[in-house]
Amino acid sequence: MTKSVLFSDCSVPAIGQGTWYMGEESSKRAQEVAALQAGLEQGLKLIDTAEMYAEGGAEEVVGEALRGRRDSAFLVSKVYPWNAGVVDAAEACERSLRRLQTDYLDLYLLHWRGNVPLEETITAMEKLQQAGKIRRWGVSNFDSSDLSELLAEEGGAACTANQVLYHLASRGIEYDLLPECQQQAITVMAYCPLAQAGRLRHDLMTHPVLNDIAQQKSITVAQLLLAWVIRKEGVIAIPKASTVQHVTENAAATAITLDSEELAQINQAFPPPNRKMPLDIV
Ligand code: NDP
């Protein structure tokens, strides 16, 4: 069965598609568009992008991929912290919409916390919602203390997502942030779920325990990593994949479950946190 998560009123499959580093080289554009479209066709409905990625270039790739099929996607973009005031956010959102060739975002996130007061960003998001430019809003890279401050602000409880780094080699959020988000019905969007962080490679793919489990299940280590991330309620993984083969593997991972013995083996190799850890970021 395909796992899913809820963003307020909307259910979305628990694996989506990232776009960091897309739109940087025109020679790769057709392949990136094809990968995103293949992902949509295979149920990877959520597409995550940002005004930051390739300074708008990734949004343009997404816009091309969505031509004629906008409604089949749950489209997420992010605003730079220095654009998160009422006037600047309206302009930044308009620019994103233009590059994405659409008139609304399903979700708009504050990319990370900056100097604009949270209160003003909430107002900015509310105005964009009222104008029909965005359906929902959320945040990214917010640790527990930031989240508490946000929730204490008037209107802060409307936050529907927190996009944070989460993969097997970085489990800190399990100690406090993840349970807090679950309790508040804030969906956790796990970025770098394959621990790749753009172009940097982590050694998880070659880890012997993970390779053994993957082999026994006839899946790839990447699929194991994704199935592990989405084992928790209210967590969606947003791997970036620029080949149809990777996308196809990732889509199949929405139906992979791990049994208690496999999870115990994984916990032994990658222990869960037993104390508060500061939120990892890239
Ligand atoms: P990921 O952990 O998703 O890794 C991406 C890398 O994994 C790419 O090199 C990709 O290769 C490769 N890959 C994808 N699928 C497979 C597969 N099935 N088997 C083997 N390799 C695979 O890292 P990202 O840093 O891209 O994070 C994911 C997304 O999260 C970003 O694209 C972005 O949308 C978001 N993000 C948000 C941040 C924030 O601050 N809010 C920060 C960082 C990321 P290939 O491209 O060749 O398919």
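Residues numbered from 1 in each chain as written. Predicted model: local features only at pLDDT ≥ 70, side-chain atom pairs only at ≥ 80, totals over all residues. Heavy atoms only, no water.

Asker: It is not clear to me how the overall build of the protein should be interpreted in this structure. Could you clarify?
Answerer: Counting its regular elements, the protein contains ten helices and nine strands. Computed over C-alpha atoms, the radius of gyration of the protein comes to 18 Å, within 12% of the 19 Å expected from 2.2 N^0.38 for 282 residues, which places it in the range of a compact globule. Taken along its principal axes, the extent of the C-alpha atoms in the protein is 55 × 45 × 30 Å. Expressed as a percentage of its 282 residues, the buried residues of the protein come to 54%. In the protein, 78% of the contacts between residues at least 6 apart in sequence involve partners at least 24 apart. When the accessible surface of the protein is totalled, it reaches about 12400 Å², and 49% of it is carbon and sulfur. Side chains of the protein give 25 positive and 36 negative charges; the mean places of these two sets differ by 4 Å. (Helix = DSSP H or I, 4+ residues; strand = E, 2+ residues; numbered from the N terminus. Rg over C-alpha atoms; globule rule 2.2 N^0.38 Å. Buried < 20%, exposed > 50% of the residue type's maximum accessible area, 1.4 Å probe, protein only. Contact = heavy atoms within 4.5 Å. Areas by Shrake-Rupley, 256 points an atom, 1.4 Å probe, with all protein chains shown as cover. Lys, Arg positive; Asp, Glu negative; His and termini not counted. Charge placed at Lys NZ, Arg CZ, Asp CG, Glu CD.)

Asker: How should I be thinking about the side chain of Asp48 in this particular structure?
Answerer: By the secondary structure assignment, Asp48 is in strand S3 (residues 46-48). At 2.8 Å, the side chain of Asp48 forms a polar contact with the side chain of Lys78. The residues touching Asp48, leaving out its near neighbours within four places in the chain, are Gln17, Gly18, Thr19, Tyr53, Val76, Lys78, Gln163, Met189 and Ile238. (Polar contact = N/O pair within 3.5 Å; in protein donor to acceptor, adjacent residues only side chain to side chain.)

Asker: What am I meant to see in the packing of helix H7 (residues 208-217) against helix H10 (residues 260-269) here?
Answerer: Two numbers describe a pair of packed helices, the interaxial angle and the distance between the axes. Contact pair H7 / H10: the axes reach a minimum separation of 10 Å and the direction vectors enclose 165°. Viewed along their axes, H7 and H10 adopt a mutual orientation that is roughly antiparallel. Considering only the axes of H7 and H10, their crossing is left-handed. Taken together, the residues of H10 that come into contact with H7 (itself represented by Val209, Leu210, Ile213 and Lys217) are Glu262, Gln265, Ile266 and Ala269. Its residues assigned to classes, the contact of H7 with H10 shows five nonpolar, one polar and two charged. (Axes fitted to C-alpha atoms, helices over the stretch in contact; angles between N-to-C directions. Parallel < 35°, antiparallel > 145°, perpendicular 65-115°, else oblique. Left-handed = near helix turned anticlockwise from the far one by under 90°. Nonpolar A, V, L, I, M, F, W, Y, C, P; charged D, E, K, R; others polar.)

Asker: In this structure, what is going on with the nonpolar core? I would like to understand it.
Answerer: The tendency in soluble globular proteins is for nonpolar side chains to be buried as a group. Core analysis: the largest hydrophobic core is formed by 94 residues, its most contacted members being Phe7, Leu46, Tyr108, Leu150, Met189 and Leu210. When residues in this core are grouped by element, the largest group, eight residues, is from helix H8 (residues 221-229). Setting aside anything within four residues of it in sequence, one finds Leu150 in contact with Leu118, Ile122, Trp137, Val139, Phe142, Gly156 and Cys159. (Core = buried A, V, L, I, M, F, W, Y, C linked by side-chain atoms within 4.5 Å.)

Asker: What is the right way to look at the environment of Ala90 in this model?
Answerer: Its place among the elements puts Ala90 in helix H3 (residues 86-100). Under the relative-accessibility criterion, Ala90 is labelled partly exposed at 33%. Spatially, the C-alpha atom of Ala90 lies 8.9 Å from that of Lys133, the residues being 43 residues apart in sequence.

Asker: Where do I start with the sheet that holds strand S7 (residues 161-165) in this structure?
Answerer: Pairing between the strands of a sheet is mediated by backbone hydrogen bonds and can be parallel or antiparallel. Ordered in space as S3-S4-S5-S6-S7-S8-S9, the seven strands form an open sheet in which the pairing is parallel. The sheet is open, and its two borders are formed by S3 and strand S9 (235-237), each paired with just one other strand. Strand after strand, the sheet turns through a mean of 25° between neighbouring axes, direction not considered. Sheet topology note: the strand S8 (residues 187-191)/S9 ladder contains three bridges and is parallel. Paired with Val188 across the bridge in S9 is Val235. In the packing of helix H4 (residues 118-130) onto the sheet, the strands contacted are strand S4 (74-79), strand S5 (107-110) and strand S6 (137-140), and the crossing angle to S5 comes to about 165°. (Pairing = 2+ DSSP bridges.)

Asker: Quick question: what am I supposed to make of the pairing of S4 here?
Answerer: Across a regular strand the side chains alternate sides, sitting on one face of the sheet and then on the other. In terms of residue burial, S4 counts as a mostly covered element, since six of its six residues are buried. Going residue by residue along S4, you find Phe74, Val76 and Lys78 tucked away on one face and Leu75, Ser77 and Val79 tucked away on the opposite face as well. Two strands pair when backbone bridges link them, and S3 and S4 are joined in this way by three bridges, in the parallel orientation. Across the sheet, Leu46 pairs through a bridge with Phe74, a residue of S4.

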